[in-house]
Amino acid sequence: MQAFTELNAIAAPFDLMNVDTDMIIPKQFLKTVKRDGLGVNLFDEMRYDMQGNEIEDFVLNQAPYRNAQILVTGDNFGCGSSREHAPWALAGFGITAIIAPSYADIFYNNCFKNGVLPIVLPETQVAEILKHIPQNPNMAIILDAQTITHGDKTYSFDVDPFRKKCLLEGLDDIGLTLQHASKLDAFEQKYLGDNVWI
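**Quick notes on the pairing of strand 4 (residues 117-120)**
Moving on, step 1. Two strands pair when backbone bridges link them, and strand 3 (residues 97-100) and strand 4 are joined in this way by four bridges, in the parallel orientation. Bridging from a neighbouring strand, Ala97 pairs with Leu117 of strand 4.
Moving on, step 2. Handedness of the crossover is the feature at issue here: the chain leaves strand 3, passes through helix 4 (residues 105-113), returns alongside strand 4, and the resulting connection is right-handed.

**Remarks on the pattern of salt bridges**
Moving on, step 1. All chains considered together, the criterion is met by four salt bridges.
Moving on, step 2. Here Asp22 ties to Arg83 by a salt bridge, and the two come within 3.1 Å at their closest N and O atoms. With a gap of 61 residues between them, Asp22 in helix 1 (residues 21-24) and Arg83 in the loop between strand 2 (70-73) and helix 3 (85-93) connect regions that are remote in the sequence.
Moving on, step 3. For Lys153, the salt bridge is made with Glu128, and the minimal N-O distance between the two is 2.8 Å. Taken as a pair, Lys153 in strand 7 (residues 153-156) and Glu128 in helix 5 (residues 123-132) lie far apart in primary sequence, 25 residues in all.
Moving on, step 4. Residue class for Lys153 comes out partly exposed when judged on its relative accessible area of 38%.

**What about the packing of helix 3 against helix 4?**
Moving on, step 1. Two elements in contact, helix 3 and helix 4, have axes whose closest approach is 9 Å; the angle formed by their N-to-C orientations is 50°. When the interaxial angle is binned, helix 3 and helix 4 end up oblique. Both helix 3 and helix 4 take part in a crossing whose hand is right-handed. Across the interface between the two elements, Ala86, Pro87 and Leu90 of helix 3 pack against Phe107, Asn110 and Cys111 of helix 4.
Moving on, step 2. Of the residues contributing to the contact of helix 3 with helix 4, the split by class is five nonpolar, one polar and no charged.

**A look at the pairing of strand 1 (residues 6-14)**
Moving on, step 1. Within strand 1, seven of the nine residues are buried, which leaves it mostly tucked inside the rest of the structure.
Moving on, step 2. As judged from the four bridges shared by strand 1 and strand 2, these two strands associate in the parallel manner. Residue pairing for strand 2: Ala11 is matched across the bridge by Ile70.

**As for a nonpolar patch on the surface**
Moving on, step 1. A surface patch of nonpolar side chains, about 320 Å² in accessible area, is lined by Phe187, Tyr191 and Leu192.
Moving on, step 2. Examined against the element boundaries, Leu192 turns out to sit in helix 8 (residues 181-194).
Moving on, step 3. Classification of Leu192 by relative accessible area gives partly exposed; the value is 38%.

Analysis parameters
- Residues numbered from 1 in each chain as written.
- Predicted model: local features only at pLDDT ≥ 70, side-chain atom pairs only at ≥ 80, totals over all residues.
- Heavy atoms only, no water.
- Pairing = 2+ DSSP bridges.
- Helix = DSSP H or I, 4+ residues; strand = E, 2+ residues; numbered from the N terminus.
- Right-handed = clockwise from strand over helix to strand, strands pointing away.
- Salt bridge = Lys/Arg side-chain N within 4 Å of Asp/Glu carboxyl O.
- Buried < 20%, exposed > 50% of the residue type's maximum accessible area, 1.4 Å probe, protein only.
- Axes fitted to C-alpha atoms, helices over the stretch in contact; angles between N-to-C directions.
- Parallel < 35°, antiparallel > 145°, perpendicular 65-115°, else oblique.
- Left-handed = near helix turned anticlockwise from the far one by under 90°.
- Contact = heavy atoms within 4.5 Å.
- Nonpolar A, V, L, I, M, F, W, Y, C, P; charged D, E, K, R; others polar.
- Patch = residues over 30% accessible without salt bridge, like charges linked within 9 Å, V, L, I, M, F, W, Y side chains within 5 Å.
- Areas by Shrake-Rupley, 256 points an atom, 1.4 Å probe, with all protein chains shown as cover.

Below is the structure:
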């Protein structure tokens, strides 16, 4: 997993509440167990018409938002089923941070495990950011300082210290486990030596 330290990027306004995981990545794309390749189908039913052509007025089909790495959205983002494909699709598109007033719990946890930073801000601050993105889509997020800078405003956000450390160091669950590889190897050798009958 790539380390998340500082992000200077385009933010896309996605002013919808209760965006569920089926909207993020529709069920027909859940056949894969690979993380790669799902970005093209992010918000598929909103981005494309029945013939597969881009719908022009969808925000991620418009410049400069088609290059967005930050999504600013409404309350209860990622609700619905627990599919981990949702953060895979967001990351596959290039979204590495989301700003919303709240998230569904499982989606929120899955984001951290897949290198996507889900930031919680008060609804009034999210509304203020959404209002000003069309005039200035550029945003800076510094994870270590836990700040978002947009125009002349700076916002602070909270993040669990352990999750913050994992993002800063680029550690997913496998990476965390591999930090203890030598101890695991030593245990395995001792265990097999003590239990030669296995």
